[in-house]
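# An overview of the molecular structure
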Amino acid sequence: MKIAILSQQQSLYSTRRLLEAGEERGHEIHVINYLRCYMNITAHKPKVLYQGDSLEGYDAIIPRIGASKTFYGTAVVRQFEVMGVFSANESQAISRSRDKLRCLQILSQKGIGLPVTGFANSSKDIDGLIESVGGAPLVIKLLEGTQGIGVVLTETHQAAKSVIEAFRGLDANILVQEFIKEAGGMDIRCFVVGDRIIAAMKRQGAPGEFRSNIHRGGSATQIKLTPEERSTAIRASKAMGLRVAGVDLLRSNHGPVIMEVNSSPGLEGIETATEIDVAGKVIEFLEKNAGPGKTRDRIKY
Ligand code: ADP
């Protein structure tokens, strides 16, 4: 197969591993910086151009779109879709998963376990917002945050109120969420490919830290999932319309609850923690599923 990895840099661990895994399996793999692609949008022969050449004859693409480049990155993915090329994740599904609030709304519509979450634009009724999610302790999150930055635990009603007021004063969009204390600073990353979980790891926050992010000093190890966790992660990935997803969940007293569904999950942490050839499994999935006309997103939202 001829496969393009859409990535800003070949030296990134995930990109390099996908390239290696594809070549090992006998495919022709090109790493293409999607920010340098330009498009020719015509009714007869839509094209993606790169360094003066028209990109043609690809059987599949693997988008690795950076969070801050979603708009242009998904436009390039969409252009490949218009040309009939199979994508490991479709443009619509990537856009959808990049919006935390939209994600939670879709998951709730499917009845998938979530922490009780509130969202408000106006700071008029902060007491009401806090009460609507069950009162303190609460986790307050910046909608645009990543790597645990902008995720704050407030132990009391007064602290929650002050933090909400501060964020609102900065005109930031926030989520207010029930604190899942029993998770004990641990979350679980499930790597979903198609309708299977191919690897899972737990991340444990540093002592005294409720956030499990590796960037915040957490550590990762392999974990065996319960059947309920497996089915929750697979349902979450499907609900978002993703084929390759990193689903993060917490173990709560009322079963697994989803934190986030990631459309460009990193490979380094999970391959290191589990010693599973995750890149190889992604390529294998493309071998089985890529084909002309297979690109179709059926999700309504
Ligand atoms: P980011 O996308 O920035 O990583 P998350 O929403 O995933 O932000 O939060 C970071 C970490 O904080 C999570 O992995 C989890 O360990 C912890 N956390 C987030 N929300 C909650 C919550 N409601 N209850 C308990 N822990 C939480």
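Just so we're clear, the structure is a prediction, and the values are computed from it rather than from any experiment. (Residues numbered from 1 in each chain as written. Predicted model: local features only at pLDDT ≥ 70, side-chain atom pairs only at ≥ 80, totals over all residues. Heavy atoms only, no water.)

Around the ligand, 20 residues are found, and the nearest of them are Lys-141, Gly-148, Glu-178, Ile-180 and Asn-213. Glu-178 has a polar backbone atom sitting 2.8 Å from a nitrogen atom of the ligand. In this structure, an oxygen atom belonging to the ligand sits 2.9 Å away from a side-chain N or O atom of Ser-212. Against a free-state accessible area of 540 Å², the protein chains account for coverage of 96% of the ligand. Residue assignment for the shell around the ligand shows that the elements contributing at least two residues are strand E9 (138-142), strand E11 (174-178) and strand E16 (255-262). Its residues assigned to classes, the shell around the ligand shows seven nonpolar, seven polar and six charged. When residues are assigned to domains, the shell around the ligand turns out to be shared by domain 2 (117-179) and domain 3 (182-287), each giving three or more. (Near = heavy atom within 4 Å. Polar contact = N/O pair within 3.5 Å; in protein donor to acceptor, adjacent residues only side chain to side chain. Areas by Shrake-Rupley, 256 points an atom, 1.4 Å probe, with all protein chains shown as cover. Helix = DSSP H or I, 4+ residues; strand = E, 2+ residues; numbered from the N terminus. Nonpolar A, V, L, I, M, F, W, Y, C, P; charged D, E, K, R; others polar. Domains from an automatic or database assignment.)

This next bit is on the environment of Gly-185. Here Gly-185 shows up in the loop between E11 and strand E12 (186-193). Using a relative accessible area of 11% as the deciding quantity, one classes Gly-185 as buried. Sequence-wise, Gly-185 and Ile-234 are 49 residues apart; in three dimensions their C-alpha atoms are separated by 23 Å. With residues up to four places along the chain from it excluded, the contact list for Gly-185 reads Arg-203, Gln-204, Gly-205, Glu-209, Phe-210 and Ser-212. (Buried < 20%, exposed > 50% of the residue type's maximum accessible area, 1.4 Å probe, protein only. Contact = heavy atoms within 4.5 Å.)

This brings us to the sheet that holds E11. On the basis of which strands lie adjacent, the open sheet formed by four strands has the order E8-E11-E9-E10 and antiparallel pairing. Edge positions in the sheet fall to strand E8 (117-119) and strand E10 (151-154), since each of these pairs with one other strand and no more. Adjacent strand axes in the sheet meet at a mean angle of 25 degrees, parallel and antiparallel pairs treated alike. Pairing between E8 and E11: three bridges, direction antiparallel. Its bridge partner being in E11, Phe-119 is matched across the sheet by Leu-175. Packing against the sheet, helix H6 (residues 157-169) makes contact with E9, E10 and E11, and its axis sits at approximately 10 degrees to E9. (Pairing = 2+ DSSP bridges. Axes fitted to C-alpha atoms, helices over the stretch in contact; angles between N-to-C directions.)

Next up on the list: the domain arrangement of the protein. Taken as a whole, the protein is organised into domain 1 (2-96), domain 2 (117-179) and domain 3 (182-287). With centres defined by C-alpha atoms, the gap from domain 1 to domain 2 works out at 37 Å.

This part covers unusual backbone geometry. Here the residue pair Ala-136 and Pro-137 is connected by a cis peptide bond, since its omega of -5 degrees sits within 30 degrees of zero. Tracing the backbone shows Pro-137 in the loop between helix H5 (126-132) and E9. Despite not being glycine, Gln-51 shows a phi value in the positive range, around 50 degrees. Mapped onto the fold, Gln-51 is located in the loop between strand E4 (47-50) and strand E5 (53-54). Gln-51 sits in the exposed class, given a relative accessible area of 59%. The phi dihedral of Glu-275 is positive, around 60 degrees, even though this residue is not glycine.

So, about helix H2 (residues 70-82). Taking 1.5 Å per residue, 13 residues should reach 18 Å; H2 reaches 18 Å between its end C-alpha atoms and fits that length. Within H2 the residues assigned to the buried category are Thr-70, Gly-73, Thr-74, Ala-75, Val-76, Val-77, Gln-79, Phe-80 and Glu-81. Taken from the residues just after H2, Gly-84 is the one with a positive phi, measuring 90 degrees. (Expected span 1.5 Å × (residues − 1).)

Right, let's talk about the sheet that holds strand E3 (residues 37-40) for a bit. Judged by pairing direction, the sheet is antiparallel, and its three strands sit side by side in the order E3-E4-E5 without closing on themselves. One side of each edge strand has no neighbouring strand; the edge strands of this open sheet are E3 and E5. Pairing geometry for E3 and E4, over four bridges, is antiparallel. Among the inter-strand pairings, Tyr-38 is bridged to a residue of E4, identified as Leu-49.

Grouped together as the largest cluster of nonpolar side chains are 29 residues, with contacts concentrated most on Leu-107, Cys-190, Val-247, Ile-258 and Val-261. Every element with two or more residues in this core is listed here: helix H4 (100-109), E12, strand E13 (196-204), helix H7 (227-239), strand E15 (244-252) and E16. The leading source of residues in this core is H4, at five residues. Leave out the neighbours within four places in its chain, and Val-247 touches Ile-188, Arg-189, Cys-190, Val-192, Ala-233, Ala-236, Ser-237, Ile-258, Glu-260 and Val-261. (Core = buried A, V, L, I, M, F, W, Y, C linked by side-chain atoms within 4.5 Å.)

Per the stated rule, a full pass over the model turns up two aromatic pairs. Relative to Phe-80, the ring of Tyr-58 lies with its centre 6.4 Å away and its plane at 90 degrees, an arrangement referred to as edge-to-face. Remark: Phe-80 occurs in helix H2 and Tyr-58 occurs in the loop between E5 and strand E6 (60-63); sequence separation between them is 22 residues. The burial state of Tyr-58 is the same as that of Phe-80; both residues are buried. Across the ring face of Tyr-58, the terminal group of Lys-2 is positioned such that the distance to the ring centre comes to 4.6 Å. (Phe/Tyr/Trp six-rings, centres within 6.5 Å; stacked < 30°, edge-to-face > 60°. Lys NZ or Arg CZ within 6 Å of the ring centre and 35° of its normal.)

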